[in-house]
Amino acid sequence: MQQRTTRIGFAIVLALLVSACASQIDEGVVREAGSPGFLWGVWHGFVFPFAWIGSLFSPDIAVYAVPNNGGWYDFGFFIGITVLGGGSFFGSKKKSKG
């Protein structure tokens, strides 16, 4: 139990240190009416696996819209990847005994 608690604590500290370095350039956030927002973020998060594979072969395909409207786009992108993309579904499956 002690080892598991230590691992979880280490993972949290590491995540905080890495996230402290994250930032978005000001040119990437626009407040115009046509900039991608929450719903586009959800869509881009949902199609992320396909867009990522396509981006390996074509420089015209991007997995993240720049510019976007900031926090709401990011939140939608996160929702699209975790919920619609199957992130929470695959992690919640119980292993069968037998």
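Since the structure is predicted, the reported quantities are computational estimates derived from the model, not experimental observations.

Give me the packing of aromatic side chains: which residues, what numbers.
Counted according to the given criterion, the structure contains eight aromatic pairs. With a centroid separation of 6.3 Å and an interplanar angle of 80 degrees, the aromatic rings of Phe-48 and Phe-77 are classed as edge-to-face. One end of the pair, Phe-48, is in helix H3 (residues 48-57); the other, Phe-77, is in helix H4 (residues 71-84), and 29 residues separate them in sequence. Under the relative-accessibility criterion, Phe-48 is labelled partly exposed at 29%.

I'd like to hear about helix H2 (residues 38-46), residue by residue, with values.
Buried within H2 we find Gly-41, Val-42, His-44 and Gly-45. Along the axis of H2, the buried residues cluster in a sector spanning 170 degrees; they form a single face.

Run through the environment of Pro-49, naming residues and quoting values.
Assignment of secondary structure puts Pro-49 in helix H3. The class for Pro-49 is partly exposed, based on a relative accessible area of 38%. Considering only alpha carbons, one finds Pro-49 and Ile-81, 32 residues apart in sequence, at a separation of 8.8 Å.

Describe unusual backbone geometry, with residues and values.
Look at the link from Val-66 to Pro-67: it is a cis peptide, with omega at 5 degrees. Within the secondary structure, Pro-67 sits in the loop between H3 and H4.

Break down a nonpolar patch on the surface for me, with residues and values.
There is a patch of nonpolar side chains on the surface, built from Phe-38, Leu-39, Trp-72, Phe-75 and Phe-78 and spanning about 590 Å² of accessible area. Elements with a contribution of two residues or more to the nonpolar patch: H2 and H4. With three residues, the top contributor of residues to the nonpolar patch is H4. Here Leu-39 shows up in helix H2. The class of Leu-39 is exposed, set by a relative accessible area of 67%.

About the thresholds
Residue numbers restart at each chain and count upward from 1, following the sequence in its written direction. Only residues with pLDDT of at least 70 get local features here, since the model is predicted, and only at 80 or more are side-chain atom pairs given and counted; chain-wide, interface and lining totals rely on the full set of residues. Working from all heavy atoms in the structure, the side-chain values ignore hydrogens and water. Under the pairing criterion, centres of Phe, Tyr and Trp rings, with the six-membered ring standing for Trp, must be within 6.5 Å; the plane angle then separates stacked pairs below 30 degrees from edge-to-face pairs above 60, leaving the rest tilted. Numbered from the N terminus, helices here are DSSP runs of H or I no shorter than four residues, and strands are runs of E no shorter than two. Exposure is judged per residue with a 1.4 Å probe applied to protein chains only, and the accessible area is read against the type maximum: over 50% gives exposed, under 20% gives buried, and values in between give partly exposed. The reported arc concerns the directions from the helix axis to the C-beta atoms and nothing else. A patch consists of residues whose relative accessible area exceeds 30% and which take part in no salt bridge; residues with like charges are grouped when within 9 Å of each other, and nonpolar side chains (Val, Leu, Ile, Met, Phe, Trp, Tyr) when within 5 Å. Using a 1.4 Å probe, accessible areas were evaluated by the Shrake-Rupley method; residue-level cover was limited to the displayed protein chains. Within this document, salt bridges are pairs made up of a side-chain nitrogen of Lys or Arg and a carboxyl oxygen of Asp or Glu, the two lying within 4 Å of each other.

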